[in-house]
Amino acid sequence: MIRKYHSFLEARLDLYREMWERGFDEKRISKILRDFHESVIRNNLPQAKPLYEHGIYFFKTIEESQEDLEKKLLERIKK
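All residue numbers here refer to positions counted from 1 along the written sequence of the relevant chain. Note on the predicted model: pLDDT of at least 70 is required for a residue's local features to be given, and 80 or more for side-chain atom pairs to be given and counted; whole-chain, interface and lining totals, by contrast, use all residues. Note that water and hydrogens are dropped before the side-chain values are worked out from all heavy atoms of the structure.

Student: Explanation requested: a negative patch on the surface in the structure shown.
Tutor: Taken together, E63, E64, E67 and E70 make up a surface patch of like negative charges. Secondary-structure assignment places E64 in helix 3 (residues 62-78). Three labels apply to residues, based on accessible area from a 1.4 Å probe with only protein chains included: buried if under 20% of the type maximum, exposed if over 50%, partly exposed otherwise in between. Look at E64 and you get partly exposed, because its relative accessible area is 31%. Like charges are joined within 9 Å and nonpolar side chains (Val, Leu, Ile, Met, Phe, Trp, Tyr) within 5 Å, but only among residues with over 30% relative accessible area and no salt bridge; these make up the patches. Using a 1.4 Å probe, accessible areas were evaluated by the Shrake-Rupley method; residue-level cover was limited to the displayed protein chains. The salt bridge definition used is simple: a Lys or Arg side-chain nitrogen within 4 Å of an Asp or Glu carboxyl oxygen. Asp and Glu are treated as the negative residues and Lys and Arg as the positive ones, with His and the ends of the chain left uncounted. Where a charge sits is defined by one atom per residue type, namely NZ (Lys), CZ (Arg), CG (Asp) or CD (Glu). Comment: elements are numbered from the N terminus, with helices defined as DSSP H or I runs of at least four residues and strands as E runs of at least two.

Laid out in structure tokens, this is it:
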């Protein structure tokens with residue numbers, strides 16, 4: 001089935017809905033993300049490197065997380 005989305009948010013919400021209904025299938029999601037990455041390269045779209053890798057970060061306070069974010073942003077600007 002081919003679907004047309006009006007925004008990235010709509011597409012993302014649909015992906016989450018499908019994940020919820022079907023259950024998480026690592027191979028299927030990996031394929032979707034790999035196809036997306038290949039389409040970004042193929043269509044010469046800008047790529048942004050995330051500040052944080054996927055995972056869980058253990059901050060004791062919101063202030064601590066904001067300080068870490070500011071530190072990472074400053075490191076990114078200096079590069």
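Student: Is there a simple way to think about the side chain of E18 in this case?
Tutor: Residue placement: E18 occurs in helix 1 (residues 8-22). Contacts were defined at the residue level, with two residues in contact if any of their heavy atoms lie within 4.5 Å. Other than its neighbours up to four places away in sequence, E18 contacts R3, G23 and R28.

Student: Would you mind going over a nonpolar patch on the surface with me for this structure?
Tutor: A contiguous nonpolar surface patch, about 320 Å² in accessible area, is contributed by L9, L13 and Y16. Considering the arrangement of structural elements, one finds Y16 in helix 1.

Student: Could you clarify how one ought to interpret the packing of aromatic side chains in this entry?
Tutor: Note on aromatic pairs: each is described by the distance of the centres and the angle between the planes. Here the aromatic set is Phe, Tyr and Trp, taking the six-membered ring for Trp, and pairing holds for ring centres within 6.5 Å; pairs whose planes are under 30 degrees apart are stacked, those over 60 apart are edge-to-face, and all others are tilted. According to the stated counting rule, one finds 2 aromatic pairs in the structure shown. Both rings, one in Y52 and one in Y57, keep their centres 5.0 Å apart while their planes meet at 70 degrees; by these two values the pair is edge-to-face. In this structure Y52 comes out as partly exposed when scored by relative accessible area, which is 23%. Between Y57 and F59, the ring centres sit 6.4 Å apart and the planes meet at 15 degrees, which makes this aromatic pair stacked. An aromatic cluster is defined as three or more aromatic residues linked by ring pairs; in this entry it consists of Y52, Y57 and F59.

Student: Any chance you could explain the layout of surface pockets here in plain terms?
Tutor: Gaps left between atoms show up when a probe the size of a water molecule is rolled over them. One number sums up the size of the largest pocket: a volume of about 750 Å³. Using a grid of 1 Å spacing that covers the protein atoms alone, one calls a set of points a cavity when a 1.4 Å probe fits there but cannot get out, and a pocket when the set is open and has protein on both sides within 12 Å along at least five of seven lines; lining residues are those with an atom within 4 Å of a point. Considering the residues around the largest pocket, the lining is formed by 17 residues, among which A11, R12, L15, I32 and F36 are closest to the centre. The residue makeup of the lining of the largest pocket, split by class, is 11 nonpolar, 1 polar and 5 charged. Grid points are joined across faces, edges and corners, and a volume is the space filled by probe spheres set on the points. All residues other than Ala, Val, Leu, Ile, Met, Phe, Trp, Tyr, Cys, Pro, Asp, Glu, Lys and Arg, Gly among them, are scored as polar; the first ten of these are nonpolar and the last four charged.

Student: Can you walk me through the environment of E21 in this structure?
Tutor: With respect to the helices, strands and loops of the structure, E21 is situated in helix 1. Sequence spacing of E21 and S65 is 44 residues, and the spatial spacing of their C-alpha atoms is 33 Å.

Student: Explain the confidence of the model for the protein to me, please; I cannot follow it from the model alone.
Tutor: Detailed reading of predicted coordinates is not advised where the pLDDT is low. The share of residues in the protein with pLDDT of 70 or more is 96%, and the mean pLDDT across the chain is 84. pLDDT runs from 0 to 100 and stands for how confident the predictor is about each residue. Between the elements of the protein, mean pLDDT differs from a low of 85, seen in helix 1, to a high of 89, seen in helix 3.

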